[in-house]
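# Structure at a glance
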Amino acid sequence: VLSPLALAELLEAVLVPALVGRNVHAGRSRLAGRVGEEIMDPRLSLYDDPHRPMGPGAAWFDAEGVPTRRLDLVRDGVLAGFAYDLRTAYRFGADPTGSAVRGGYGGAPSTGFHTLVLEGPVADVMANTAIYVRSVVGAHTANTITGDFSVEVSNPSFIEGGAFTTPVRTAMWGGNVFDLLSRVEGVSTETRTVGEMVLPALRVAG
């Protein structure tokens, strides 16, 4: 079971950059040319909702003055599109998606996201025996193109019957982010805002 924080760390390192138009057209995204294909569990959807009440990046206009709108990135497991700012959209013949953001008051606009929301099949993710991953160390070393990662699991613990039981002294975890998102058993009802993302806890098989 991945906590919202652990899930955010892996998504931020691999999936989020893969959905940026500039990376797609530069050959730095595994998702290039795959619009319309199933890329994760068909019960999962990922979208950017800049009009979400109290969203971390809520805005009616992006950093370039383009009106914002909900941007479906993955709909029912199928890749629906990518994010573009004005410059990237013009360069590659795409439509701007109102996805320009600034890193600070003095920063130049670049493609980003306002409020990324992940939705999936709601379940009691704590009901059955599993290892609960609170966070990971080293997500930044993941291969952003293939999705492969090898991280240290920070403060993990076994869960049984909905309760935390035995802590795990130390653990390493290797896998692939895209494969992980295809092996989902359920997501929690509760969500947490982490950076620009609103995420549930995620239970994966195996």
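Note: the structure precedes this text.
Quick look at the structure, then.

What counts and what doesn't
Residues numbered from 1 in each chain as written. Predicted model: local features only at pLDDT ≥ 70, side-chain atom pairs only at ≥ 80, totals over all residues. Heavy atoms only, no water. Salt bridge = Lys/Arg side-chain N within 4 Å of Asp/Glu carboxyl O. Buried < 20%, exposed > 50% of the residue type's maximum accessible area, 1.4 Å probe, protein only. Core = buried A, V, L, I, M, F, W, Y, C linked by side-chain atoms within 4.5 Å. Helix = DSSP H or I, 4+ residues; strand = E, 2+ residues; numbered from the N terminus. Contact = heavy atoms within 4.5 Å. Pairing = 2+ DSSP bridges. Axes fitted to C-alpha atoms, helices over the stretch in contact; angles between N-to-C directions. Phe/Tyr/Trp six-rings, centres within 6.5 Å; stacked < 30°, edge-to-face > 60°.

### Here we look at the pattern of salt bridges
The final tally for this structure, using the stated rule, is 5 salt bridges. Of the charged contacts, one joins R70 and D72 as a salt bridge, the two residues approaching to 3.0 Å between their closest N and O atoms. Judged by relative accessible area, R70 falls into the partly exposed class, the value being 43%. We note a salt bridge from R75 to D72, for which the minimum N-O separation is 3.5 Å.

### Here we look at the nonpolar core
Counting residues in hydrophobic clusters, the biggest one holds 47 residues, and the most contacted among them are L15, L19, L31 and L181. Secondary structure elements with two or more residues in this core: α1 (4-18), β2 (71-75), β6 (116-119), β9 (148-154), α4 (177-180), β13 (184-194) and β14 (197-204). Ranked by residues supplied to this core, first place goes to α1 with 10 residues. In this structure, L19 is in contact with L31, L46, L73, L79, G81, F82, A83 and F113, ignoring residues within four places of it in sequence. Among the nonpolar cores identified, the runner-up in size contains 7 residues, and V1, M126, A130 and Y132 belong to it.

### Looking at the pairing of β6
Relative to β6, strand β1 (residues 45-48) runs antiparallel, the two sharing 4 bridges. By the bridge assignment, Y47 is partnered in β6 with V117.

### Here's the deal with the sheet that holds β13
Here 6 strands make up an open sheet; going across it, the order is β3-β2-β1-β6-β14-β13 and the pairing mixed. The open sheet has two free edges, formed respectively by β3 (78-79) and β13, since each of these has just one partner strand. Against the sheet, α1 touches β1, β6, β13 and β14, its axis set at about 105° to β14.

### Some points on the packing of aromatic side chains
Under the definition given, this model contains 2 aromatic pairs. Where Y132 meets F164, the ring centres are 5.2 Å apart and the plane angle is 85°; that geometry is what we call edge-to-face. Here F164 lies in strand β11 (residues 163-167) and Y132 lies in strand β7 (residues 130-132), a separation of 32 residues in the sequence. In this structure Y132 comes out as buried when scored by relative accessible area, which is 13%.

### Observations regarding the environment of A58
Among the structural elements, A58 can be located in the loop between β1 and β2. Separated by 10 residues in sequence, A58 and T68 place their C-alpha atoms 9.3 Å apart.

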